Amino acid sequence: DGGITQSPKYLFRKEGQNVTLSCEQNLNHDAMYWYRQDPGQGLRLIYYSQIVNDFQKGDIAEGYSVSREKKESFPLTVTSAQKNPTAFYLCASSIVWQANQPQHFGDGTRLSIL
Amino acid sequence: SQQGEEDPQALSIQEGENATMNCSYKTSINNLQWYRQNSGRGLVHLILIRSNEREKHSGRLRVTLDTSKKSSSLLITASRAADTASYFCATDASNNNDMRFGAGTRLTVKP
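From a predicted model like this one, the values you see are computed outputs, not experimental measurements.

Caption draft 1: Representation of the overall build of chain A. A count of helices and strands for chain A gives zero helices and eleven strands. Listed N to C, the secondary structure of chain A is β-β-β-β-β-β-β-β-β-β-β in terms of helices and strands. The C-alpha atoms of chain A give 13 Å as radius of gyration, which agrees with the globular expectation for 114 residues (13 Å, within 12%). With the principal axes as the frame, chain A shows a C-alpha extent of 35 × 25 × 25 Å. Looking at chain A as a whole, 48% of its 114 residues are labelled buried. The contacts of chain A with a sequence gap of at least 6 include a subset with a gap of at least 24, amounting to 54%. Element-wise, carbon and sulfur atoms account for 46% of the exposed surface of chain A, whose accessible area totals about 5,400 Å². Across chain A, the mean location of the 11 positive side-chain charges is 7 Å away from that of the 11 negative side-chain charges.

Written as structure tokens, this is what we have:
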């Protein structure tokens, strides 16, 4: 079955530590996205990638970094510069980067501070 | 920046009743999408409606769009306990492809 796999499901970060969240898709989608969701709130866009080797900042990119070296992979690094990283992180993909395309989501990674 | 805002924030109904959720937005759009999120899971796409459409159906779901009022509604008919979830609208801005999600409506369907 095609889909998006996020790992790990739960992640803990120590002060001053960078952590990387994995996102892999086998849907052959060009576009991929990272969102942050805080309790009881909507999704905020961190970064998106229209195509391999390209990525753009979203609304809340500070303290985060991404890479898109392969079409199927879009890892997110939460750096020590992100002072409030505790949140639910969702990765998504779509066939192309167009607003008339549905996004397919993984089941998220919950990040907490130790 | 958030484009769509859902109303109400929370809704509790009995199984078999209809559930109506609303989404309002500020700027002109090309597309509006509705998604469902079960607790602790990712979002699932439900339906897309374009700015030149007024109504779409998918099974027990009915979505309407009123561009003059900058609002959309999602109606779930004959609700089931399994419909318990948060429902989000997502809109673009007519001059770009960026989608923005609202804060969602938390629906509880009591058996």
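Having seen the structure, we can now continue with the description.
Caption draft 2: Structural detail: the sheet that holds strand β8 (residues 76-78) of chain A. Residue and element names in this part refer to chain A. Read from one edge to the other, the open sheet built from four strands follows the order β1-β3-β8-β7, with strand pairing classed as antiparallel. Edge positions in the sheet fall to β1 (4-7) and β7 (64-66), since each of these pairs with one other strand and no more. For this sheet the average axis-to-axis angle between neighbouring strands, irrespective of direction, equals 20 degrees. Pairing between strand β3 (residues 19-25) and β8: three bridges, direction antiparallel. Of the residues in β8, the one forming a bridge with Leu 21 is Leu 76.

Caption draft 3: Seen up close, the interface of chain A and chain B. Between chain A and chain B, the residue contacts involve 23 residues of the former and 21 residues of the latter. Here chain A meets chain B over a buried area of about 1,700 Å², counting both sides, of which 49% is carbon and sulfur. Here chain A is connected to chain B by two salt bridges. In this structure, Arg 100 of chain B engages Asp 59 of chain A in a salt bridge whose closest nitrogen and oxygen atoms are separated by 2.7 Å. In this structure, the connection of chain A to chain B is made through seven residue pairs in polar contact (both at pLDDT 80 or more).

Caption draft 4: Quick peek at the nonpolar core. Leu 32, Trp 34, Leu 74, Ile 76, Tyr 87 and Leu 107 of chain B are the most contacted members of the largest nonpolar core, which totals 21 residues. Going through the elements one at a time, β3 (19-25), β4 (31-37), β5 (43-50), β7 (61-66), β8 (71-76), β9 (85-92) and β11 (105-110) of chain B are the ones with two or more residues in this core. Among the elements that line this core, the one with the most residues is β3 of chain B, at four residues. Of all hydrophobic cores here, the second largest spans 20 residues; its members include Leu 21, Ala 61, Val 66 and Val 78 of chain A.

Caption draft 5: Main features of the layout of surface pockets. Quantified by volume, the largest pocket comes out at close to 620 Å³. Lining the largest pocket are 28 residues, with Gln 37, Pro 39, Gly 40 and Gln 41 of chain A together with Ser 86 of chain B positioned closest to its centre. Counted by class, the lining of the largest pocket contains eight nonpolar, 15 polar and five charged residues. Here the second largest pocket is characterised by a volume of approximately 220 Å³.

Caption draft 6: Highlighting the side chain of Arg 13 of chain A. Residue and element names in this part refer to chain A. Turning to its location among the elements, Arg 13 is positioned in strand β2 (residues 10-13). For the buried residue Arg 13, which engages in no salt bridge, the nearest side chain bearing the opposite charge is Glu 15, 5.1 Å off. From its side chain, Arg 13 meets the backbone oxygen of Thr 79 in a polar contact 2.8 Å long. When residues no more than four places from it in sequence are discounted, the contact partners of Arg 13 are Val 19, Val 78, Thr 79, Ser 80, Gln 82, Pro 85, Leu 111, Ser 112, Ile 113 and Leu 114.

Caption draft 7: Local environment of the pairing of β7 of chain B. Residue and element names in this part refer to chain B. Here four bridges tie strand β6 (residues 55-58) to β7, and the two strands are oriented antiparallel to one another. Across the sheet, Lys 56 pairs through a bridge with Val 63, a residue of β7. Bridge analysis of β7 against β8 gives six bridges, and the strand direction is antiparallel. Among the inter-strand pairings, Arg 62 is bridged to a residue of β8, identified as Leu 75. Joining the antiparallel neighbours β7 and β8 is a turn of four residues, in which Lys 70 adopts a positive phi near 50 degrees.

Caption draft 8: Representation of the sheet that holds β8 of chain B. All names here are of chain B. Strand order in this open sheet of five strands is β1-β3-β8-β7-β6, and the pairing throughout is antiparallel. Unpaired on one side and paired on the other, β1 (4-7) and β6 mark the two borders of the sheet. Mean inter-strand twist for the sheet, computed between neighbouring axes without regard to direction, equals 20 degrees.

Caption draft 9: Structural detail: the environment of Arg 44 of chain A. Residue and element names in this part refer to chain A. Examined against the element boundaries, Arg 44 turns out to sit in strand β5 (residues 43-49). For the pair Arg 44 and Ala 61, spaced 17 residues apart in sequence, the C-alpha to C-alpha distance is 9.9 Å. Apart from the residues lying within four places of it in its own chain, the contact partners of Arg 44 are Trp 34, Tyr 35, Arg 36, Asp 38 and Ile 60.

What counts and what doesn't
- Residues numbered from 1 in each chain as written.
- Chains lettered and ligands numbered in written order.
- Predicted model: local features only at pLDDT ≥ 70, side-chain atom pairs only at ≥ 80, totals over all residues.
- Heavy atoms only, no water.
- Helix = DSSP H or I, 4+ residues; strand = E, 2+ residues; numbered from the N terminus.
- Rg over C-alpha atoms; globule rule 2.2 N^0.38 Å.
- Buried < 20%, exposed > 50% of the residue type's maximum accessible area, 1.4 Å probe, protein only.
- Contact = heavy atoms within 4.5 Å.
- Areas by Shrake-Rupley, 256 points an atom, 1.4 Å probe, with all protein chains shown as cover.
- Lys, Arg positive; Asp, Glu negative; His and termini not counted.
- Charge placed at Lys NZ, Arg CZ, Asp CG, Glu CD.
- Pairing = 2+ DSSP bridges.
- Axes fitted to C-alpha atoms, helices over the stretch in contact; angles between N-to-C directions.
- Buried area = accessible area lost by both parts, 1.4 Å probe.
- Salt bridge = Lys/Arg side-chain N within 4 Å of Asp/Glu carboxyl O.
- Polar contact = N/O pair within 3.5 Å; in protein donor to acceptor, adjacent residues only side chain to side chain.
- Core = buried A, V, L, I, M, F, W, Y, C linked by side-chain atoms within 4.5 Å.
- 1 Å grid on protein atoms, 1.4 Å probe; cavity = no way out; pocket = protein on both sides within 12 Å on 5 of 7 lines; lining within 4 Å.
- Points joined across faces, edges and corners; volume = space filled by probe spheres on them.
- Nonpolar A, V, L, I, M, F, W, Y, C, P; charged D, E, K, R; others polar.

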